[in-house]
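# Per-entry structural report
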Amino acid sequence: MNYHAEYDRLRSMTEDWLSGCYSDQLPQKGLADAMRYSLLAGGKRLRPVLALAFCRAFGGDEHAALPAACALEFLHTYSLIHDDLPAMDNDDLRRGKPTNHVVYGECTAILAGDTLQAEAFGLILRAPLPVEMRVKCAEFLADAAGYAGICGGQYLDTVLWLDSDSAEKLTTIAELKTASLLSAACRIGAVLGGADEFGIQAAEDYGMALGMAFQIRDDMLDELSTTEKLGKPIGSDRRGGKSTFMNIFGAARCEAFVSKYTEKAKRSIDGVLPHPGFLLRLADSLVLREH
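Thresholds applied
- Residues numbered from 1 in each chain as written.
- Predicted model: local features only at pLDDT ≥ 70, side-chain atom pairs only at ≥ 80, totals over all residues.
- Heavy atoms only, no water.
- Helix = DSSP H or I, 4+ residues; strand = E, 2+ residues; numbered from the N terminus.
- Rg over C-alpha atoms; globule rule 2.2 N^0.38 Å.
- Buried < 20%, exposed > 50% of the residue type's maximum accessible area, 1.4 Å probe, protein only.
- Lys, Arg positive; Asp, Glu negative; His and termini not counted.
- Charge placed at Lys NZ, Arg CZ, Asp CG, Glu CD.
- Salt bridge = Lys/Arg side-chain N within 4 Å of Asp/Glu carboxyl O.
- Core = buried A, V, L, I, M, F, W, Y, C linked by side-chain atoms within 4.5 Å.
- Contact = heavy atoms within 4.5 Å.

### Structural notes on the overall build of the protein chain
When helices and strands are counted, the protein chain shows 14 helices and two strands. Relative to the globule expectation of 19 Å for 291 residues, the C-alpha radius of gyration of the protein chain, 18 Å, shows essentially globular dimensions. The principal-axis extent of the C-alpha atoms belonging to the protein chain is close to 50 × 45 × 35 Å. Within the protein chain, the fraction of its 291 residues that count as buried is 53%. Distance from the positive charge centre (30 side chains) to the negative charge centre (40 side chains) of the protein chain: 3 Å.

Rendered as structure tokens:
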């Protein structure tokens, strides 16, 4: 299996499905335009790729899993739109383009994010899947979105622990704000692939460890990359007065943490999935990513 070709195939499946969303001419088309602006802005599509890959690794139908996989991208896009708002990170560049509120205004950006979150659950609950699968996938998505997930993590990151210099607090923020959705993607894929509880737990463990490696690497890139490579301003956390893994531990220790969490992710699925090769390579590929 060619890892890069397979990743591109799964990402292309996602892109093709997303491109058909909200292209109608209803009176609220302006809202749809704002949603599509951020939804179709590109990116790695890591979360739907994880869901599709876990589904296939457990023997499921990846095409039947597409609506639920794309629901993860809806939720992720909502979180990015809201993250960029003036009341939160106040960023004006995302994936090399002006952020949503810069183009459409703050009110429409908030509504675009709200709508994407609601529609994420609609995609899952309307999907032509067995009801037990839909309910379980919606539950996992809710876990990742709410109080014990993204929203809880955003609260800690922007309100309560803004100037935290505690590694324990930073880990909690990363687990809620980043790892929770990656873990949900893996668990959703496992459910759609027909995994048992042991397999779903392995998927959860993989996603949490991968999410920690991903966030620490993000903190590194925010200091070491360039605006051109990253597609957004670098050093934004430092300018905003936020502590990160990078400014607490430095580059060398962060590299070690990324490697540790990557190996933990790989161990969690090796010997559990019938065909783990792609997911093992995916974990390795994120270690040295530049954007």
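After that view, the rundown keeps rolling.
### With respect to the pattern of salt bridges
Across all of its chains, the model carries 17 salt bridges by this definition. Here glutamate 263 and lysine 266 are joined by a salt bridge, their closest N and O atoms 3.4 Å apart. Here lysine 266 and glutamate 263 lie together in helix 13 (residues 245–269), a separation of three residues that amounts to about one turn. You can call glutamate 263 partly exposed: its relative accessible area is 37%. A salt bridge links aspartate 284 to lysine 266, with the shortest nitrogen-to-oxygen separation between them at 3.0 Å. Remark: lysine 266 occurs in helix 13 and aspartate 284 occurs in helix 14 (residues 277–287); sequence separation between them is 18 residues.

### With respect to the nonpolar core
The biggest cluster of nonpolar side chains holds 72 residues, and the ones touching the most others in it are Leu50, Phe54, Tyr206, Phe278, Leu279 and Leu282. Considering each element in turn, this core owes the most residues, ten residues, to helix 4 (residues 66–83). Sequence-distant contacts of leucine 50, that is, excluding residues within four places in its chain, are made with Leu182, Ala185, Cys186, Tyr206, Leu210, Leu279 and Leu282. Counting 13 residues, the second-largest nonpolar core is a separate cluster that includes Met212, Ala213, Phe245 and Cys254.

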